[in-house]
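Okay, here's what each chain looks like letter by letter:
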Amino acid sequence: MTRKREIRFIIIRSLVAICIALLVATLLIFISAGGDTFHEKLEATGEALRQMLIGPLFRMSKKKGTSFELKRLADILAAMIPTIFTGLSVCIMFSANQFNLGAEGGIMLGAFVSAMVAIYVPMPAGLHAVVAVLIGGAVVAILMLLPALLKTKLSVSEMVCSLMLNYIIMYVIKFLMNTYLADKSRGQIMSYPFRETSAIAPIVNNTTFSGAKLTWGFVVAIVAVILCGLFMYRSRWGYAIRMIGINQAFAGYSGMKVGSVIVLSQVLGGFLAGAGGGVEMLGRYTSFSWSALPGYGWTGITIAILASNNPYMVPLAAFFMAYLSKGCDLMATYAKVPAQLIDIIQGVIFLFFAAEQFLAKYRQKLVVKSAEEEIARLNLNKEG
Amino acid sequence: MPDEKTSGPGEYVVQMKQITKIYANGAAANRGVDFNLRRGEIHALMGENGAGKSTLMKMLFGLEQPTSGEIFVNGEKLVLSSPSVAIAHGIGMVHQHFMLVPSLSVAENMVLGMVPHKSGIFIDKAKAVELTRAYSEKFNLHVEPEAKVMDIPVGMKQKVEILKALMRGARILIMDEPTAVLTTQETAELFVELKNLKKQGYTIVFISHKLNEIMEITDRLTIMRKGKSMGVYNTKDVTKEEISRLMVGRDVVLSLQKDKAVPGDTVLRVRHLEYINEWNKKMLNDISFDVRRGEILGIAGVEGNGQKELVDMLFNFNTPNAGSASVNGKSILGLPQQKIRELGVALVPEDRMLYGIASGASIEENVISDRSGEKRFNKGPLFNMKAIHAEADRLIKEYTVLCKSRSQQVGMLSGGNIQKVVVAREFSNHPILILADQPTRGIDVGATEFIRKKLVELSRSGIAVLLVSADLNEVMELSDSLIVMHNGSIAAYFEDTAGLTDEIMGEYMLGLKKQSVEEVRRVCHDQET
Amino acid sequence: MLNFLKMLATPEFFYSIIRISAPILFATLAAVVVEKAGFANIGLEGLMMFAALSGSLVSYYAGSWFWGFLAALATGVIMSLVMGFFAFKLKTDIILVGIAVNMMGSGGTLFLCKVITNLTEGKAMASTTGLITRSLCIPDITIPLLNQIPFLGRVLSGHNLLTYLAFLFCLLTSLMLYKTPLGLNIRAVGENPDAAASVGVSVMKIRYTAMAFSGLMSGFGGAFMSMAYAQGWSLDMVSGRGFIALAAQAMGGGECLGGMLSALVFGFAQALGIKFSAIGLDSNLASPIPYAVTILGLVIFALVRSSRIRKQHSAAALAKGKAKAES
C-alpha cells in the first residue's frame, strides 16, 4: 500500500475506534444522566458530553460563553507528566515483545525512593531533585532485573512476575509508611515533608503554572521522549530491541544477543517508570502519601498501545488520555457522571486499537486498490 | 467418464484424470496428471521434492482442490471438498508429520473425534482400549493402547496413525514419506504390515523417493517430475536406472558461464560429523569434507538425507553427537551465532521468512542486522544514520532490489526481492565462508539468475562457498565440485562437475550407487583425515 | 512468638485458610482449563469484579441471593465470550484483551455501581455494602455429623456453600478434563490443534468453550467475593486474586490438584496476614507474602522443569549412544 494510504488508514481506524468508545460512553452517560424525561436526560447527556469534550480546555459559563483557559491546558499538561514516563517505559518493554506490567509498581516505588531522598538526604537545591529522581529510577531499574532475568534464564512469565512485584511493592511501602516513616503529627498517613531543596519548580513562577503544578518535570518528560525516541530508532540497542520484538529468531541468527537485550529493555523500562515517579512526586507533592498503586502504569500501557510503541507518539497519546481523564473528572463534578467512566472508555479504545482484524476487510480493499493501481501504472509505462 | 474395470479385483478404485493445480501466485504444482490406483495394490508415487506428488495426494484427501480435472473413487465422480468427504469415501491419509496429541494415550488419540461414551458424559476408557486392541490385532499393528504417545517410539506412532485411518473406514491408505522418520528396523516392520494390509484387500499409495524400498514393496509406480507424470510402470518391469533417469533429470539444462575455479587453502574443515535425532534416527553418518577458498562445493541430494541437519550444525542451530567442524582452525560447533559471524561465516537460510528477515521491519533495518554494532555505523551512542543510509542504498542498488525506498517494509516485497535483501546482507560483510541453503527456492527467474551470478563472482574473488540445493540445475551448474548426500552419508564426491550427467547424479542421489570410502575421502584436501 | 504460633494452631485459623483459598481456587480452575486449551486468560481479575458487582446488585433487586448468584455466573460467561470474540475473531492479542478487561474491571465497575444505584436508589453509591443484608448473601452450610468432630469439625463445617463448591469443582474439573470427551478435546486442541482438526474437532468451538468455562468460574469467584466473603461489593475487592490464580496455575503444573494446593498456599499466606494484624503487627507485612511466595514458587517450578528436561536430554543422549553402538 502507498505510504499516504497507509497513514490515512491508520488515522481512519483510530478515529473509528475512538468514535466507538465515545458512543459507548455516550450511552453510559445517558443512562446515568440526571432527569426524569427522555428530553431532560438528552439535555443532561449533551451537557455532560460538552464538559467531557470541550471542558478540559474551555471554560463554559452561561454568561460569558465558552472561553479558552490557560490553566486548564496547564492542568492537562501537568497530568501528562507521570503518564508520559510510564508510557515510555511500556513502549520500550513491549517493543521487545515482553509483557512486563511492572510500570505500575515501578512508578510508585520510584516516587517513594525519591521521596525518601528528598526527606532524609540533605543536598543543595537543584541537585537534590536530580539525584532523588535518578536514585528512584535506578532502584526500580535494578528491581526489574528480577522478572527480566527470570524470563531469559528460566522462562518464567515476566507478566505474572511483574504483577506480583507490583503488589509486593505496594504493601512493602505501605508497611514502611505505617510503621516507620509516617509523620505521626498528621491526620492521614503521610511521610515527613520533603526538604525544600528537593522540590521541582513550576516552569514559570506564576499562579497558573504553580496552581496546575506544571513543573520542569514536564520539560524533563519531553526530553525523555526525545531520548527514548533516539534510543529506539537511532541507537543499536533500541534497534536490537525492536528487531527482537518483530522476529526473535531473526535477531538471534543475525548475531544479536537476545537475552541481554531483553534484560536491557526491562531494566530501562524500570528506570523510566521509577524516574517518572520521582518527577511526579517532587513536582506535585510536598510529602509522600500514596497508599495504593496510582494507576499510571495501566494508563501507560494504553498510551503505549495508542502510540504503537513509538516514543515520539507518546506525548500525543498521553495528551489524549489526560484530556479524556480531565473530561471525565469535569463530568463528575458538573454533570454528576462518575469519573470512572474513563476506565471504560480506555478499555474500549484499547481493545479496538489492538484488534488487528478490526477493519481488516477495509484494509484489504485498500491493499488491492493500491496493487491494481500499481499494475495499471506499470502497464502504462510499458506502453509509453 | 471413468474407464472400464471398475469392479472386481484389479479394477480401478481411484482414477484421477488430467489433474491440474495452479496456485494463486501462479505456481503450477500439477499439470495434466493422470493417476490411477488398482484395488489391492501398493502403488508408489515417486518424485523429487517439488515434483508435485504431495500436492496430488492432498487433492485426493480433500485438503486441496484441483484447478481442473476429475477424480473418480470406486467409479463415482467426486468432489473431495474436505478431508471429511474423503474419509467418508474410504480414503485415509497417514501424514509425514504425525497428527497425534503427545500427552494423550494411544487409545485416546485413536478415538479422538469419535469417543465412546459411558453413562452419557464419561469416556468409556475400557471400550476405547478394547477398540484399539481389536484393530491392532486385526491388522497386526502392535500398539500399546494405554501408553502415552509421547513415550512410544516413532514406529509405533506411525502404526497409531495407520490404525486411526483404518478405524475410520479407510480402504485406501495414502502414506506420505512413511519411512522418512523410521529406522531400518522400523521400516522392515512397516513393510510387513503393509503387505499384510494388502493381503486383506486394502489399497496403499506410498509416496517416497527411496528406490530400494519402492522396488521391494510396491506393485506399480508412478513417476512425477516438475508437476507432470512421467508414466506409470509395473515395478517388476522397470530397472532402478530407468526410474532414476525418469525421476531425476532436467528438462532444460542451464549452462552458466564461469571461469574455472582455482581453489586455495581450506576454509571449512568438517570431520566425522555424526548426529542422531530426537527419534533415534541417525541423520548424519561420518560426514567429512573440506571447502576451500575460491571454490563452490555443492551438496546435492534429495531433501531429507541429512542436508538440513548438516547446515544446522554448521551455524549452531543444533549440535552434533560427534565430530568436528572448524573455520580456519577455529571450531564453530556450539559457538554462539554472533561469534560464528565474527569468524567470517555467513548463512543464507533455508527458511527465509523465519530466519532470513524480520518481515515487519524495513529493508534498511534488515540489511544491516548483522553489522549494527560496528564502529563505522555508530557515532558514540547513536547510529551514524548517514553511513547506514549509504550502506542500505548501496546494497539495494548493487543487488538490484526492486523497492520503493529503503524504508519500505521487507514483507511487502516479492519473494525474489526478499531473497535479494537476504543475500545482500549475507554476501556483503566480507565473509570468508558462505553457507547457501536452497538460495533460489521459490523465487522468480530474474532474482535466481542474479543470485547465482553473484555467488560465482564472490567465489572467484576468493570466498569459500558451500551450496546446498535440491535444485539439480543449480547444484550441477554452480558447483565447481560437489558431493552427493544419501541417507546421512556422503555417497559420492565429484571433483569436477564438468561431464556429470543427470543419470549419474540420479544414481547416486537415489542410493543406487555409492562411491568407495577412498573416493569420498578425496573431498578432504589434506594429508591427515 | 510462641503465643503467635498457638494462635495459628486453632481450628479457626485453618477454617480461614480454606475460606480465603476458595475464590482463588475458582479463578485457578479457570486458568487451568484455559491453559489446557492452549491459551491464557489474564482478564480473570476483571471478570471477577464484574461478576461480583452484578451478583450483588441483582440479589438486592431480586430480593434473593439465588438470582444474584445466577447473574454473577451469567456475567462471567457473557463477558468471557466477548473476550473470546476479540481474541479469536478480531485477532487481538489475548494478553491485551485480558489487560483491557482488567482495566475496565477496576474503575469501570465503580462507575456502573454508582450509575445503577443512582438510578434505582436515588443516590450514587460507591459500594453495595449498604444495600446488602445477610439474607441476601449466599448462605453458610453446617454439615450435621461433620461439625461434631473435634477440631476438624470446626475446620470443615460451617463454610459457605460456594467454598464447598470450589473444592468440589476442583474435583469435577479434573474429572472433566481427564474423563470426558470434552476434556479430551480441550487437551487435544491445546497441544496439537492440527491433530484435533484432522479428526473433525472444531478448534474454534473448543476455544470458546474453554473461554466460557473460565468466565463461569470467574462468575463463581466473583459471586463468592461480594456475596459470601464480604457482604456486598466494593472497589478493588478482588485485589489481585485473578492474578494470583495465574501464578497458582503455573505453580501447580497446570493441573487442578496442583492449582488447588497452590491456592491453599496463598490462602495460608493471606490468613497469616490477617492474624498478624490481629496481634497488632502491621498487616502490610504479611500481605506481600502470597505474592512473594508466587514468585518463589514459579522459580522453583521452572528450576524443577528445566532440570527434568536436562535429565531427559541426558537420558536421550544415553539412548543415542546406545543406538550408535548398535547401529
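Residues numbered from 1 in each chain as written. Chains lettered and ligands numbered in written order. Predicted model: local features only at pLDDT ≥ 70, side-chain atom pairs only at ≥ 80, totals over all residues.

Some remarks on the interface of chain B and chain C
Keep this limit in mind: Throughout, a pair of residues is in contact if the C-beta atoms placed from their backbones lie within 7 Å. Strands are runs of DSSP state E lasting at least 2 residues, helices are runs of H or I lasting at least 4, and numbering of each runs from the N terminus. All residues other than Ala, Val, Leu, Ile, Met, Phe, Trp, Tyr, Cys, Pro, Asp, Glu, Lys and Arg, Gly among them, are scored as polar; the first ten of these are nonpolar and the last four charged.
Taken together, the contacts link 20 residues of chain B with 21 residues of chain C. If you list the elements that add at least two residues to the side of chain B that touches chain C, you get α2 (83-88) and β8 (122-123) of chain B. Of the residues belonging to the side of chain B that touches chain C, the class tally is 12 nonpolar, five polar and three charged.

Digging into the sheet that holds strand β17 (residues 330-331) of chain B
Residues and elements named next belong to chain B. What counts, and what does not: DSSP calls a pair of strands paired once it identifies at least 2 bridges connecting them. The axes used here are C-alpha line fits, helices contributing only the stretch in contact, and every angle between their N-to-C directions lies in the interval 0 to 180 degrees.
Reading across the sheet, the four strands line up as β14-β13-β16-β17 and stay open at both edges, with antiparallel pairing between neighbours. A strand with exactly one partner marks an edge of an open sheet, and here the two such strands are β14 (282-292) and β17. Alignment of strand β13 (residues 266-276) against β14, held across seven bridges, turns out to be antiparallel. Counted as the bridge partner of Leu273 is Ile287 from β14. Of the strands in this sheet, β13, β14 and β16 (322-327) touch helix α9 (residues 307-314), which is tilted by about 60 degrees from β14.

Quick look at helix α9 (residues 216-234) of chain A
Because an α-helix completes one turn every 3.6 residues, residues spaced three or four positions apart along the sequence face the same direction. Residues and elements named next belong to chain A. Short version of the rule: The span expected for a helix works out to 1.5 Å for each residue beyond the first. Exposure classes come from backbone-placed C-beta atoms, where a residue is buried if 20 or more other C-beta atoms lie within 10 Å of its own, exposed if 12 or fewer do, and partly exposed in between. As used here, the arc belongs to the directions running from the helix axis to the C-beta atoms.
With 19 residues, α9 should reach 27 Å at 1.5 Å per residue; the first-to-last C-alpha distance of 26 Å fits that figure. All of the buried residues in α9 are Gly217, Phe218, Val220, Ala221, Ala224, Val225, Cys228, Phe231 and Met232. Buried positions in α9, seen along its axis, are confined to an arc of 150 degrees and lie on one side of it. Seen from the open side of α9, the exposed residues pointing more than 90 degrees away from its buried face are Val223 and Ile226. Against the buried residues of α9 lie α3 (70-95), α10 (236-246), α12 (258-284) and α14 (314-334).

Observations regarding the nonpolar core
Threshold: In plain words, the nonpolar core is the set of buried Ala, Val, Leu, Ile, Met, Phe, Trp, Tyr and Cys residues that C-beta atoms within 7 Å link up.
Ranked by internal contacts, the top residues of the largest apolar core, which has 391 residues, are B:Leu60, B:Leu435, C:Ala30 and C:Ala52. The biggest single contributor to this core is α3(A), with 15 residues. The contacts of C:Ala52, once residues within four sequence positions are left out, are C:Ala72, C:Gly222, C:Ala223, C:Met225, C:Ser226, C:Trp233, C:Met237 and C:Val238.

Some details on the interface of chain C and chain A
Facing 42 residues of chain C, the contacting portion of chain A comprises 39 residues. Mapped by element, the contributors of at least two residues to the side of chain C that touches chain A are α4 (65-89), α5 (94-121), α11 (241-251), α13 (283-286) and α14 (288-326) of chain C. Top contributing element to the side of chain C that touches chain A by residue count: α5(C), with 15 residues. Each residue belonging to the side of chain C that touches chain A can be placed in one class, and the counts come to 27 nonpolar, 10 polar and five charged.

Points about the pairing of strand β9 (residues 172-176) of chain B
All names here are of chain B. Most of β9 is tucked away, with five of its five residues classed as buried. Side chains Ile172, Ile174 and Asp176 project from β9 onto one buried face, and the interleaved Leu173 and Met175 project onto a second face that is buried too. With four bridges joining them, strand β6 (residues 91-94) and β9 adopt parallel strand pairing. If you follow Gly92 over to β9, its bridge partner there is Leu173. Note that β9 and strand β10 (residues 203-208) share five bridges and pair parallel. Residue pairing for β10: Leu173 is matched across the bridge by Ile204.

Looking at the pairing of strand β15 (residues 296-300) of chain B
Residue and element names in this part refer to chain B. Along β15, five of the five residues are buried, which leaves the element largely enclosed by surrounding structure. In β15, alternate side chains face the same way, and those of Ile296, Gly298 and Ala300 on one face and Leu297 and Ile299 on the other are all buried. As paired strands, β15 and strand β22 (residues 464-468) are joined by four bridges and run parallel to one another. Paired with Ile299 across the strands is Val468, a residue of β22.

Description of the domain arrangement of chain B
The following threshold applies: Either an automatic procedure or a domain database provided the assignment from which the domain bounds are taken.
Looking at chain B, the domain boundaries give domain 1 (12-247), domain 2 (266-344 + 431-521) and domain 3 (363-429). Each of domain 1 of chain B and domain 3 of chain B has a C-alpha centre, and these two points are 46 Å apart.

Looking at helix α6 (residues 184-199) of chain B
All names here are of chain B. With 16 residues, α6 should reach 22 Å at 1.5 Å per residue; the first-to-last C-alpha distance of 23 Å fits that figure. Of the residues making up α6, those classed as buried are Glu186, Leu190, Leu194 and Leu197. The arc enclosing the buried residues of α6, seen along the axis, measures out at 80 degrees, which places them on a common side. Projecting away from the buried face of α6 at angles above 90 degrees are the exposed residues Thr184, Gln185, Val192 and Lys199. Contacts from the buried residues of α6 go to β3 (42-46), α5 (154-167), β10 and α7 (211-217). Directly after α6, the chain includes Gly201, whose backbone phi takes a positive value near 95 degrees.

So, unusual backbone geometry
Here the phi dihedral of B:Lys226 falls at roughly 45 degrees; this positive angle occurs in a residue that is not glycine. Judged by local crowding, B:Lys226 falls into the partly exposed class, with 16 C-beta atoms found within 10 Å. In the Ramachandran plot, C:Asp236 falls in the positive-phi region, its phi being about 55 degrees despite a non-glycine side chain. Here C:Asp236 shows up in the loop between α10 (203-229) and α11. On the neighbour-count criterion, C:Asp236 (15 C-beta atoms within 10 Å) is partly exposed.

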